[in-house]
Amino acid sequence: MRPMRPTVLLFDIDGTLVTTGGAGRRSIARAFEKLYRRPDACSSFSLSGMTDRAIVRKAMGIIGVEPRPEAIDELLATYLGLLAEEVKQAVDHEYFVHAGMREAVLEARGRSGVAVGIGTGNVREGARIKLERVGIYEQFAFGGFGCDHEDRVELIRHGATCGAKLLDAPLEECRVVVIGDTPKDVAAAKGIGALCIGVGTGQFTPQALLEAGADFAFSDFTARGAIDALLHGR
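Residues numbered from 1 in each chain as written. Predicted model: local features only at pLDDT ≥ 70, side-chain atom pairs only at ≥ 80, totals over all residues. Heavy atoms only, no water.

The name given to the protein chain in an unreviewed UniProt entry is Phosphoglycolate phosphatase, HAD superfamily, with the source organism recorded as Stigmatella aurantiaca.

Of all hydrophobic cores here, the largest spans 60 residues; its most connected members are Leu9, Phe11, Phe32 and Leu230. In terms of residue count, helix α3 (residues 69-89) provides more of this core than any other element does, nine residues in total. Setting aside residues no more than four positions away along its own chain, Leu230 makes contact with Leu9, Phe11, Ala104, Ala108, Arg175, Val177, Ile179, Ile197 and Phe221. Core analysis: the second largest hydrophobic core is formed by 20 residues, Ala160, Ala169, Ala188 and Ala189 among them. (Core = buried A, V, L, I, M, F, W, Y, C linked by side-chain atoms within 4.5 Å. Buried < 20%, exposed > 50% of the residue type's maximum accessible area, 1.4 Å probe, protein only. Helix = DSSP H or I, 4+ residues; strand = E, 2+ residues; numbered from the N terminus. Contact = heavy atoms within 4.5 Å.)

Read from one edge to the other, the open sheet built from six strands follows the order β5-β4-β1-β6-β7-β8, with strand pairing classed as parallel. Every interior strand has two partners, whereas the edge strands, β5 (143-144) and β8 (216-218), have only one. In the sheet, strand β1 (residues 7-11) pairs with strand β4 (residues 114-119) via five bridges, with the strands oriented parallel. Of the residues in β4, the one forming a bridge with Leu10 is Gly117. Against the sheet, helix α6 (residues 152-167) contacts β1, β4, β5 and β6 (175-180), and its axis sits at roughly 140° relative to β1. Of the strands in this sheet, β6 and β7 (195-199) touch helix α7 (residues 183-191), which is tilted by about 170° from β7. (Pairing = 2+ DSSP bridges. Axes fitted to C-alpha atoms, helices over the stretch in contact; angles between N-to-C directions.)

Using a probe with the size of a water molecule, rolled over the atoms, empty space left in the structure can be pinpointed. Looking at the largest pocket, its volume works out to about 600 Å³. Lining the largest pocket are 30 residues, and of these Asp14, Gly15, Leu47, Ser48 and Lys130 lie nearest its centre. Counting residues per element, the lining of the largest pocket draws most heavily on helix α1 (residues 23-36), at three residues. A per-class count over the lining of the largest pocket returns six nonpolar, 16 polar and eight charged. Inspection of the lining of the largest pocket shows a minimum of three residues originating in each of domain 1 (7-20 + 95-232) and domain 2 (23-89). (1 Å grid on protein atoms, 1.4 Å probe; cavity = no way out; pocket = protein on both sides within 12 Å on 5 of 7 lines; lining within 4 Å. Points joined across faces, edges and corners; volume = space filled by probe spheres on them. Nonpolar A, V, L, I, M, F, W, Y, C, P; charged D, E, K, R; others polar. Domains from an automatic or database assignment.)

Splitting the protein chain by domain gives domain 1 (7-20 + 95-232) and domain 2 (23-89). Centre-to-centre, using C-alpha coordinates, domain 1 lies 24 Å away from domain 2. Facing 19 residues of domain 1, the contacting portion of domain 2 comprises 19 residues. With both chains or domains summed, domain 1 and domain 2 bury close to 1,500 Å², and 57% of this area falls on carbon and sulfur atoms. The three residues of domain 1 that bury the most area against domain 2 are Val123, Ile129 and Glu150, which together make up 37% of that side's buried surface. If you look at where domain 1 meets domain 2, you find one salt bridge. (Buried area = accessible area lost by both parts, 1.4 Å probe. Salt bridge = Lys/Arg side-chain N within 4 Å of Asp/Glu carboxyl O.)

Here it is as structure tokens:
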């Protein structure tokens, strides 16, 4: 079966596609330590569902640094170098693709009329570093990234637009599905009128994601009905 409409899939990374064992948080803490001697800059808030630039902006405000664009750029460049180190050193049992995700991506890529992309708060280079470690980065032809827009709704919109272009279809005629593990993923999907599939592989349960407005939610992508929801739901 092929979908009734051209379908754009946007997968979140952290907590959805993969778990990195805290590599991202350690890297950004090290970056703040290196540049500002403040490894605690992000310790008072959750990074879950936030874009990289929004994380840096908020952390700079907490430690009293003016979040000028060039300062954010410098911090992120430092972070990316440290992220490559942390990802390389991470142990396999703490750094892995979530159950069923690799198979779901491959299944979707094998369907006509489906564009498989990324919708993440990570900047593009951070996404590459994280997903190359587990050998799936090349499975995604496009995406909306944290370097495309600091606001999650707008980066999801950007990713959806890229997917529609790849399918040679108007965005308004496409079925867009955001797959994520946080209420922020749900809100971003709803912000562009997309469907949302929640997965309870991060900090939130499937029930919490449904209560946040997800159209479907599963414990992981081995759950019955998950692939059908991905490709054919609503």
